[in-house]
Every structure is written in C-alpha cells, then in structure tokens.
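Okay, here's what each chain looks like letter by letter:
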Amino acid sequence: MEKNIIPVNEDTMVNAEYYYDFVKTRFGLAAIVWFEDERGFRITRVLLPVPEERILREIGMAFPAATRKSCTIVRKFAKALQIFTEGRDTSFDTSVLEMSDAPPFHRKVLRALETISKGKVSTYGTIAAKSGAPGGARAAGQGCANNPFPLVFPCHRVIRSDGSLGGFGGGLKLKRALLEIEGVRFDKNGKVMPEFILR
C-alpha cells in the first residue's frame, strides 16, 4: 500500500535552494532534505534508511539541484533520528517541518499517527476514523504512503486490521524491525499480536 512517493510543490521549488545531509542509523543511511527561507531553516523531507545509491537517486529525482550541506537544526534532528532507530525515547521538533506540500487530509493523518504510542500499533481503518474519514482505510493508507516525515510521524506503526503489516516505503523487513525494537511482538504467522493493537 505504501510506496513513499512524495509529491513536491513546484512553486516552492522554484524559489528555494535545497540541501541534504545523511543520517547514520542502525539500519543504514537515512537522509534529511532542507532549505532556508524567511522563517529560517525548514526540513522538507526525511528519507528512510536505504542503500546510499538508492537514497541519492530518490533525492535526485525530487530535488535535482540539491547539494550536501548541514546546519545546527539538521544535526539536532539527525541525532533524534539516530536515537529513535535505536528504540530509545526521543522527541522531534516538528515546528521546523515544512508541511505546506501535504494535502489537508494527509495532515490529519499525520496528526493521528502522533497518537500511536511506542510499543503499540493502530490500523489503517482506525487512523482513517481519527482523521475524520470513517471507512476510509485506503485513503489513510495513501496518507501514510505520502508521509514526508516517516519515523517523525510513525507510519510504521500502522497495520492492516487482520494484524498483517500492510505496506511501508522502507520495506516490510524494516517496518517489522522498527516495531520489534519498540517492543511490539508478532505471532508465528508474522502478524502483530492482538494485545499490541489499538482499536
């Protein structure tokens, strides 16, 4: 269901110079894409850990003129991502995230994702209902798929109603690994055990 194909606001791209920096995590290299405007430093994407060649390709497709560079805000955010992928408690400063590219419903989905506590999962249907679209599991799945800030808004904590993992832009192996380090347990069929599912 989730492919993490993130649309980019072309009007924004015309007026902004984009930069990226890598984040070393236990699962490989992640990346943060950012720019600076009159509001200061703004993070516009978080890319999940994948092989370096793939992450550079993803950056090149969405931000073809981006160059590698860092700043204090990005380094602080990168540290939080590192801590998160180790299963330790951390928090993210979401005030530096550029949310303008996300459609209104997707923003509601992202806010609903924030309600899923570490060590628990929710379902696409439940997230849809919390986002104001009861019966809109597929739409919630699209909101997760187009999450510009995975891990920050934990779309890896959303599964199908039958306990199976569903989709994930970083792959199901990474999704399961993230859930396991957060304390979620699976049965012999690879489904999340019922006691970990929020309804």
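Residues numbered from 1 in each chain as written. Predicted model: local features only at pLDDT ≥ 70, side-chain atom pairs only at ≥ 80, totals over all residues. Heavy atoms only, no water.

In the structure shown here, the tally under the stated rule is 13 salt bridges. With a closest N to O distance of 3.4 Å, arginine 42 and glutamate 98 form a salt bridge. With arginine 42 in strand E3 (residues 40-47) and glutamate 98 in the loop between helix H3 (72-85) and helix H4 (104-113), the pair connects residues that are 56 residues apart, well separated along the chain. A salt bridge links arginine 88 to glutamate 86; its shortest N-O distance comes to 2.7 Å. Overall, the relative accessible area of 38% leaves glutamate 86 in the partly exposed class. The structure contains a network of salt bridges with shared partners spanning Asp37, Arg39, Arg42 and Glu98. (Salt bridge = Lys/Arg side-chain N within 4 Å of Asp/Glu carboxyl O. Helix = DSSP H or I, 4+ residues; strand = E, 2+ residues; numbered from the N terminus. Buried < 20%, exposed > 50% of the residue type's maximum accessible area, 1.4 Å probe, protein only.)

So, on to the packing of aromatic side chains. The final tally for this structure, using the stated rule, is eight aromatic pairs. With centroids separated by 5.5 Å and ring planes inclined at 65°, the aromatic side chains of tryptophan 34 and phenylalanine 41 adopt a geometry described as edge-to-face. Residue class for tryptophan 34 comes out buried when judged on its relative accessible area of 2%. On the accessibility criterion, phenylalanine 41 (31% relative accessible area) is partly exposed. (Phe/Tyr/Trp six-rings, centres within 6.5 Å; stacked < 30°, edge-to-face > 60°.)

What links the strands of a sheet is backbone hydrogen bonding, and the strands pair in either a parallel or an antiparallel sense. Strand order in the open sheet made by the four strands is E3-E2-E1-E4, with mixed pairing throughout. Edge positions in the sheet fall to E3 and strand E4 (67-68), since each of these pairs with one other strand and no more. Sheet analysis places strand E1 (residues 19-25) next to E4, joined by two bridges and oriented parallel. Bridge pairing links tyrosine 19 to threonine 67 in E4. Relative to strand E2 (residues 28-37), helix H2 (residues 52-62) is tilted by about 25°, and along the sheet it contacts E1, E2 and E3. (Pairing = 2+ DSSP bridges. Contact = heavy atoms within 4.5 Å. Axes fitted to C-alpha atoms, helices over the stretch in contact; angles between N-to-C directions.)

Position of arginine 45 among the secondary structure elements: in strand E3. Using a relative accessible area of 3% as the deciding quantity, one classes arginine 45 as buried. Looking at arginine 45, its side chain comes within polar contact range of the side chain of threonine 44, at 3.2 Å. (Polar contact = N/O pair within 3.5 Å; in protein donor to acceptor, adjacent residues only side chain to side chain.)

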